[in-house]
Amino acid sequence: MIKLMDKWRITNHLLKHSSKLLFDRRLSANSHNSVFRSALECSESLVKRGFGNASTIRYRCFGSEATKFERNAAFSTLNSEDVSYFKELLGEKSVIQDEDVLLAANEDWMRKYRGSSKLLLQPRTTNEVSQILKYCNSRLLAVVPQGGNTGLVGGSVPVFDEVIINMGSMNNLITFDKGSGVLVCEAGCILENLVSFVDDHGFIMPLDLGAKGSCQIGGNVSTNAGGLRLVRYGSLHGNILGLEAVLANGDVIDMLGTLRKDNTGYDLKHLFIGSEGSLGIVTKVSIHTPPKLSSVNLAFLACKDYFSCQKLLREAKRKLGEILSAFEFLDNQSMDLVLTYLEGVRNPFSSSMHNFYVLIETTGSEESYDREKLEAFLLSSMEGGLISDGVIAQDINQASSFWRIRELITGYSRSINESRGCL
């Protein structure tokens, strides 16, 4: 466990390097600045415009309109000596220059953003990540961390020719404490594998995503992924107990605690949760996993307007209370998309279509009580005009088919955009 003075030392070190990253724009050859591109790009806007016009800064850095960026000439270009160094460090198989592999790694999951990286590295240990970043920092080679590359906003792919550091080879389960439910693992672990592992031991992951078959826990942490269970278990800020990360200069910060009630000074892990690699690369995480409960019910509901969906959520929080575990929303366009293009999916409401749909899941320990409570809530909501129609899943297969509709909306949105030439 990190002592208070150790935490103070790490905080001072982190803030020192972060300050240089944000305000030193020269990025000279002897600089100790981070080689992470995104914070530097945004700092240009901050310094030029000042801090007064917050809305303008946000629009410039994070707006959805296409913006033309120019490669920062201060960054070096990859050469054969760099490739030789990485091969000596990682081995031939972990240094990828194959064009087909790089094509997929350069393109985001929605196929809207494309980089032109010529090199993908697959470290297997924290020390290898440290050595990679230390070398890149000294050479001023820009890098981009990458997990499962399932994000929807292009954050895991290069903007230009950055070196891609893919964490997929760091996929070991380190420890699992059945008493506390604390899981410690490496950042490259696939979320679905973690879900299966803890399920076999009578626990559940507090995070569940439609992309769980591909996304990695390190990427989940770095993007502060919300997921389907946020309404019950909260965000990852409340479920991640500790992590290990490597800064851009190669320094390793060990914050891999497993204690839930830890009030010893600065809680530095929160800086890295949601930082998207701008402060460092997450290499290990410790997660609190709740006990798996025996009673699960799922209802697929139809609503006439968005206001009804909003009020239904408020009423669900009040009347379902402790057993409410998920509340998911989709509109009629999403439903039509899935029913049209997803083979084998049936409309839960026969042939009728509605304006909006909601999935409500309850999880508890008493089947009869939970079921009665859910049915009473649905009856009162129907009588109050909040629900136009509804179906309760009768078994696990029907429940899976309901969740499948919700989870695959994004994937089929990509397919349709591709077929129409929109991407």
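Please refer to the structure placed before this passage.
Residues numbered from 1 in each chain as written. Predicted model: local features only at pLDDT ≥ 70, side-chain atom pairs only at ≥ 80, totals over all residues. Heavy atoms only, no water.

1. Concerning the pairing of strand β12 (residues 356-364)
Across the nine residues of β12, nine count as buried, placing the element largely inside the fold. Every second residue of β12 is oriented toward a common face, with F356, V358, I360, T362 and G364 on one face and Y357, L359, E361 and T363 on the other, all of them buried. Relative to β12, strand β10 (residues 295-303) runs antiparallel, the two sharing nine bridges. In the strand pairing of β12, L301 is matched with V358. Direction of pairing for strand β11 (residues 324-331) relative to β12: antiparallel, over a ladder of seven bridges. Paired with L330 across the strands is Y357, a residue of β12. (Buried < 20%, exposed > 50% of the residue type's maximum accessible area, 1.4 Å probe, protein only. Helix = DSSP H or I, 4+ residues; strand = E, 2+ residues; numbered from the N terminus. Pairing = 2+ DSSP bridges.)

2. Quick word on the packing of helix α12 (residues 306-319) against helix α14 (residues 367-383)
α14 packs onto α12 with a crossing angle of 145° between their chain directions and a minimal axis gap of 11 Å. Crossing geometry of α12 relative to α14 is assigned as right-handed. For the pair α12 and α14, the contacting residues are L312, E315, A316 and K319 in the first and K373, F377, S380 and S381 in the second. Among the residues making up the contact of α12 with α14, the classes are represented as three nonpolar, two polar and three charged. (Axes fitted to C-alpha atoms, helices over the stretch in contact; angles between N-to-C directions. Left-handed = near helix turned anticlockwise from the far one by under 90°. Contact = heavy atoms within 4.5 Å. Nonpolar A, V, L, I, M, F, W, Y, C, P; charged D, E, K, R; others polar.)

3. Brief notes about the packing of aromatic side chains
Aromatic ring pairs: the centre-centre distance and the angle between the two ring planes describe each pair. Across all of its chains, the model carries twelve aromatic pairs by this definition. Considering the side-chain rings of Y85 and Y135, the 4.1 Å spacing of their centres and the 10° angle between planes classify their relative orientation as stacked. Placement of the pair is Y85 in helix α4 (residues 80-90) and Y135 in helix α6 (residues 126-139), with a sequence separation of 50 residues. Taking relative accessible area as the criterion, Y85 reaches 26% and is therefore assigned partly exposed. Classification of Y135 by relative accessible area gives buried; the value is 17%. With centroids separated by 5.4 Å and ring planes inclined at 80°, the aromatic side chains of F176 and F203 adopt a geometry described as edge-to-face. Here the residue F176 occupies a position in strand β5 (residues 173-177), and F203 occupies one in the loop between α7 (191-200) and α8 (217-223), the gap between them amounting to 27 residues. Judged by its relative accessible area of 10%, F203 falls in the buried class. Site record: aromatic cluster; members linked through ring pairs are F300, F349, Y357 and F402. (Phe/Tyr/Trp six-rings, centres within 6.5 Å; stacked < 30°, edge-to-face > 60°.)

4. Here's the deal with the sheet that holds β5
One open sheet holds the five strands; their spatial order is β5-β6-β9-β7-β8, and the pairing between them is antiparallel. Each edge of the sheet is formed by a strand with only one pairing partner; in this case those strands are β5 and β8 (252-255). Averaged over all pairs of adjacent strands, the angle between strand axes in this sheet comes to 10°, irrespective of strand direction. Pairing geometry for strand β7 (residues 240-247) and strand β9 (residues 280-288), over seven bridges, is antiparallel. Residue pairing for β9: V246 is matched across the bridge by I281. Contacts from α6 reach β7, β8 and β9, with the element oriented near 40° to β7.

5. Points about the sheet that holds strand β1 (residues 95-96)
On the basis of which strands lie adjacent, the open sheet formed by four strands has the order β1-β2-β4-β3 and mixed pairing. Since the sheet does not close on itself, it has two edges, and those belong to β1 and β3 (143-146), each with one partner. For β3 and strand β4 (residues 163-166), the ladder comprises four bridges, and the chain directions are parallel. Opposite Q146, over in β4, you have N166 as the bridge partner.

6. Overview of unusual backbone geometry
Positive phi is not limited to glycine here, since R111 has a value of about 60°. Along the chain, R111 turns up in the loop between α5 (99-105) and β2 (120-121). Residue classification places R111 among the partly exposed positions, given a relative accessible area of 32%. With a phi close to 55°, N149 is a non-glycine residue in the positive phi region. Owing to a relative accessible area of 12%, N149 belongs among the buried residues under this scheme.

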